[in-house]
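# Summary of the model geometry
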Amino acid sequence: MPPLRALLIMLLVAGCGPTQSDDQLLTAARQHVAKGETKSAVIQLKNLLQQTPANGRARLMLGGLYLDTGDMPSAEKELRRALELGINAGDVLPLLGKTMLLQGQYNKILDEITADEQQPRLLALRGHALLGLERGDEAVKLFERILARHPDDAAALLGLARIAQQDGKLDDAVALLDRALRQFPDDVDVWRLKGDIL
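The model shown is predicted, which means the values in this text are computed figures rather than measured ones. (Residues numbered from 1 in each chain as written. Predicted model: local features only at pLDDT ≥ 70, side-chain atom pairs only at ≥ 80, totals over all residues. Heavy atoms only, no water.)

To continue, consider the overall build of the protein chain. The helix and strand tally for the protein chain stands at twelve helices and zero strands. Counted from the first residue to the last, the protein chain has its helices and strands arranged as α-α-α-α-α-α-α-α-α-α-α-α. Computed over its C-alpha atoms, the radius of gyration of the protein chain comes to 22 Å, more than 25% above the 16 Å expected for a compact globule of 198 residues. Overall size of the protein chain, expressed as C-alpha extent along the three principal axes, is 85 × 35 × 25 Å. Counting every position in the protein chain, which comprises 198 residues, the buried fraction comes to 39%. Considering only intrachain contacts with a sequence separation of at least 6, the fraction spanning at least 24 residues in the protein chain is 44%. In the structure as shown, the protein chain presents an accessible area of about 11600 Å², 52% of it carried by carbon and sulfur atoms. (Helix = DSSP H or I, 4+ residues; strand = E, 2+ residues; numbered from the N terminus. Rg over C-alpha atoms; globule rule 2.2 N^0.38 Å. Buried < 20%, exposed > 50% of the residue type's maximum accessible area, 1.4 Å probe, protein only. Contact = heavy atoms within 4.5 Å. Areas by Shrake-Rupley, 256 points an atom, 1.4 Å probe, with all protein chains shown as cover.)

Turning our eyes to something else, we now look at the side chain of glutamine 44. Here glutamine 44 shows up in helix H3 (residues 38–51). In this structure glutamine 44 touches Gln20, Leu25, Ala28, Ala29 and His32, once residues within four positions along its chain are discounted.

With that settled, consider the packing of helix H5 (residues 72–84) against helix H6 (residues 89–102). Put simply, H5 and H6 touch, their axes get as near as 9 Å, and they point 155° apart. One element, H5, and the other, H6, form an angle in the roughly antiparallel class. Crossing angle aside, the handedness with which H5 passes H6 is left-handed. Residues Met72, Ala75, Glu76, Leu79, Arg80, Ala82 and Leu83 of H5 form the contact with H6, whose own contacting residues are Ala89, Val92, Leu93, Leu95, Leu96, Thr99, Met100 and Leu102. Of the residues in the contact of H5 with H6, the class split is twelve nonpolar, one polar and two charged. (Axes fitted to C-alpha atoms, helices over the stretch in contact; angles between N-to-C directions. Parallel < 35°, antiparallel > 145°, perpendicular 65-115°, else oblique. Left-handed = near helix turned anticlockwise from the far one by under 90°. Nonpolar A, V, L, I, M, F, W, Y, C, P; charged D, E, K, R; others polar.)

Structure follows, in structure tokens:
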């Protein structure tokens, strides 16, 4: 067999290997996340989206990973796409709202994210947006409204702690953060503010 023909056959056989299904790629990505291997998880999700661009679950997960690594524009793009693809808004909006918050898009949050008493995470996002717009009195009322129904909500306690910090009431701020950490000991945002104060 001529060498060129043999090489072509080898390449064709190599290209006919089994491709992984969406579920297999998604599972592999989750396993990488569990091991702290974010880059590998992103690669798996990008491979998945190359073969199935309309996979909303993959876009949601990819958006969350971009958020964790600080790539806010990419996170926002993927999360908005996940919403368009029909992923439950309750799963997407808390992450999307956080990306907007971290980009300083406070008015956008108030325009796009609405919530009721049963959605404390979304209400708290609105409260933090109000804080960003220096509408502290409105933010306090909203955080207190959340805590009336959800006494240990970390995001609302964090918001009140930020206000206490701004007012120079550092002991009050730390007490609020400690209250949040009793229920949510792994909340990175709460730990970050406590570290800043201390």
